[in-house]
Amino acid sequence: MSLVTLLDYASVLVFALTGALVASRAQLDIVGFAFISCLTAVGGGTVRDLLLGRDEVFWVADLNHILLATGAAVAVFFSAHLVESRLRWVIWLDSFALAIAVSAGTGAAVAMGKPAVIVVLMGMATGSLGGLMRDVVVGEVPLVLKQGELYITCAMSGAMVAVAALSFGLASGLALILCAMVCWGLRAGSIAFGWHLPVYKSRPPRS
Amino acid sequence: MSLVTLLDYASVLVFALTGALVASRAQLDIVGFAFISCLTAVGGGTVRDLLLGRDEVFWVADLNHILLATGAAVAVFFSAHLVESRLRWVIWLDSFALAIAVSAGTGAAVAMGKPAVIVVLMGMATGSLGGLMRDVVVGEVPLVLKQGELYITCAMSGAMVAVAALSFGLASGLALILCAMVCWGLRAGSIAFGWHLPVYKSRPPRS
Amino acid sequence: MSLVTLLDYASVLVFALTGALVASRAQLDIVGFAFISCLTAVGGGTVRDLLLGRDEVFWVADLNHILLATGAAVAVFFSAHLVESRLRWVIWLDSFALAIAVSAGTGAAVAMGKPAVIVVLMGMATGSLGGLMRDVVVGEVPLVLKQGELYITCAMSGAMVAVAALSFGLASGLALILCAMVCWGLRAGSIAFGWHLPVYKSRPPRS
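Conventions adopted
- Chains are numbered independently. Their residues run from 1 in the order of the written sequence.
- As a convention, the first chain written is A and the first ligand written is 1, with the rest following in written order.
- A pLDDT threshold of at least 70 governs which residues receive local features in this predicted model, and a stricter bar of 80 or more applies before side-chain atom pairs are shown or counted, although totals over entire chains, interfaces and linings include all residues.
- For side-chain calculations, the full set of non-hydrogen atoms in the structure is used, while hydrogens and water are omitted.
- The helix count covers DSSP runs of H or I at least four residues long, the strand count covers runs of E at least two residues long, and both are numbered beginning at the N terminus.
- Put simply, the radius of gyration uses C-alpha atoms, and a globule should come to 2.2 Å times the residue count raised to 0.38.
- Relative accessibility under 20% of the residue-type maximum defines a buried residue, over 50% an exposed one, and the middle range a partly exposed one, all with a 1.4 Å probe and only protein chains included.
- Contacts: residue pairs with any heavy atoms within 4.5 Å of one another.
- Summed over both partners, the accessible area lost on bringing two parts together, with a 1.4 Å probe, is the buried area.
- A pairing counts as a salt bridge when a side-chain nitrogen of Lys or Arg comes within 4 Å of a carboxyl oxygen of Asp or Glu.
- Under the rule applied, a polar contact is a pair of N or O atoms within 3.5 Å (in protein, one hydrogen donor and one hydrogen acceptor; residues adjacent in sequence only if both atoms are side-chain atoms).
- Residues are grouped as follows: Ala, Val, Leu, Ile, Met, Phe, Trp, Tyr, Cys and Pro are nonpolar; Asp, Glu, Lys and Arg are charged; every other residue, Gly included, is polar.
- Copy-to-copy superposition: least squares on the C-alpha atoms, limited to residues that have pLDDT of at least 70 in both copies.
- Ring geometry is summarised as follows: Phe, Tyr and Trp rings, the Trp one being its six-membered ring, pair when their centres sit within 6.5 Å, and such pairs are stacked at plane angles under 30 degrees, edge-to-face over 60 and tilted between the two.

1. Examining the overall build of chain A
- Across its full length, chain A holds 8 helices and 0 strands.
- Reading chain A from its N end, one meets helices and strands in the order α-α-α-α-α-α-α-α.
- Here the C-alpha radius of gyration of chain A, 17 Å, is about what a compact globule of 207 residues would show, namely 17 Å.
- By its C-alpha atoms, chain A is 60 × 50 × 30 Å across when sized along the principal axes.
- The burial tally for chain A puts 55% of its 207 residues in the buried class.

Here it is, written out as structure tokens:
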């Protein structure tokens, strides 16, 4: 199994767990769990594949992704009560899923020989859009847009590091692992220590 | 006209009616009615066609769908005041549209020779995503996610029954009709008698 | 540079400005500005390209669109405090972006030889969906659906005028300019003078 395929499975699994936990917070039934899990798990990669004009969307071509996401949803349905603070779990699992999915998206675009800007954008889209769909559908404020958090910035930085590393001749697998580490490190710093970029502050209007 | 084509038209018409009724509840103008009607009517099938990589999205290939949805919107604009409880109408019409659209989506995927899991998923997507877009855009809680209702479960059950029936050698048309009946029967039971699956209930955290 | 290309760039630029202003109202950081700007700027055209089955989405084929939108976001991040009433700016800039994007979308569909109904729909989709995504993601009431405003009506009218003008033999460039003028004129009249279509008013239920 290639590294990109492995990253795809891993990001599907971890995003599915976040989707199921969000479903548990909304008190859905088991099929609702599976729906939100699958949406979160394959949403970002689906947009990436449509934008890149791939012949087939990855989860239509390979059924294991959907089965994996559904399995994760069922497991969470029967075990989420064991977890003490589900919101914290959503946030931390989401940080791993983000890092892995950015890496998977970057790898897929590199493999198609796309230019650097597109590679970075596909990494960002794959990483952030599944979680965005999850939050918009359930009616929560998207994590992507929460003030004073690094989120898309982490995705962008990870993908940029991968592109830079590749241009310096690093092996593709190492570049993707580096991408995931940078993305996750920044996101974890943001969650744990409050790292953030300055947000826009309007001055009072001139009088 | 083939059965799948007929189902496509019927689901477009009924979903358009629900979209127009939702627009009437939001007090839009006549063009807003047409917009929400068309979005609801073709939203699910559009996602299905993009995911399946069909050469052309069904309503771009055949203009009648859009004309039908627009006509339904205009008719509702001038007659919705005759209806006493518009929310009840939305919910019941939506149940018919769901059943027909699941059947149409299932039929389209079967016709392309897709494997069973994809057939079921395409039935579910065609049935549920138009209504989901309608509700997200208008800012209501999606029917798909309302607690204690069978919704995607009905879609899934209908599509699964169709796949099972086909594998037992039932004629394709009969399988699709069976699919719509199972889907609608479950949904109607949910609306009328409160049928539902157990929802997720968190236990209090261990102290 | 052809007129359609020029219109594409112009609509990307102006929509990106509106996206960045909306981001400033939500007090995002600079990467959040860029994200919302890009989403607004290319959202409508992306849906159009996917629906029309173009070989490549326009901004994947030509990177300048994304660079332009990102530049606009950065410029707004550092200068939005100079603006006194950002909501008024959003609304007025959005009216220009709408007019230009409707024209660009109409032109793209005409160039592919699509029938009139599809041309009008593609103009409407290109014009309205980027702003719709912006508003749904940020959690505001979509401008498209605000009561008592002409919005999609302007898009539809502009695109219809272009189609009519072309069928009377007007040169394609002139038809597109006419389209933008009609669309903007109606929208400006709606903003400045409150022009609107009658909205749906339910009569009290019969007793």
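2. Considerations on the environment of A116 of chain A
All names here are of chain A.
- Within the secondary structure, A116 is located in helix α6 (residues 116-138).
- According to the relative accessible area criterion, A116 is partly exposed, its value standing at 41%.
- Separated by 43 residues in sequence, A116 and A159 place their C-alpha atoms 9.3 Å apart.

3. Examining the interface of chain B and chain C
- Taken together, the 27 residues of chain B in the interface contact 29 residues of chain C.
- Both sides together, the interface formed by chain B and chain C hides about 2500 Å², and carbon and sulfur atoms give 69% of it.
- The tally of links from chain B across to chain C stands at 1 salt bridge.
- As a salt-bridge pair, E56 of chain B and K114 of chain C come within 3.3 Å of each other at their nearest N and O atoms.
- Summed over the shared surface of chain B and chain C, the result is 1 residue pair in polar contact (both at pLDDT 80 or more).
- Looking at the side of chain B that touches chain C, the element that brings in the most residues is helix α2 (residues 30-52) of chain B, giving 7 residues.
- Its residues placed into classes, the side of chain B that touches chain C shows 19 nonpolar, 4 polar and 4 charged.

4. Quick notes on the relation of the copies chain B and chain A
- Structural alignment of chain B on chain A gives an RMSD of 0.0 Å, achieved by rotating through 120° and translating 0.0 Å along the axis. The superposition of one copy onto the other is thereby described by a three-fold rotation axis.
- Take the interface residues of chain B: only 7% of them recur as interface residues in chain A, which is what a contact between different surfaces looks like.

5. Description of the packing of aromatic side chains
Residues and elements named next belong to chain A.
- Tallied over the full model, the rule gives 15 aromatic pairs over all chains.
- When the centroid spacing of 4.9 Å and the interplanar angle of 85° are considered together, the rings of F33 and F77 count as edge-to-face. One end of the pair, F33, is in helix α2 (residues 30-52); the other, F77, is in helix α4 (residues 64-79), with 44 residues separating them in the sequence. One exposure class covers both F33 and F77, and it is buried.

Geometric descriptors of this kind do not, in isolation, establish any biological role.
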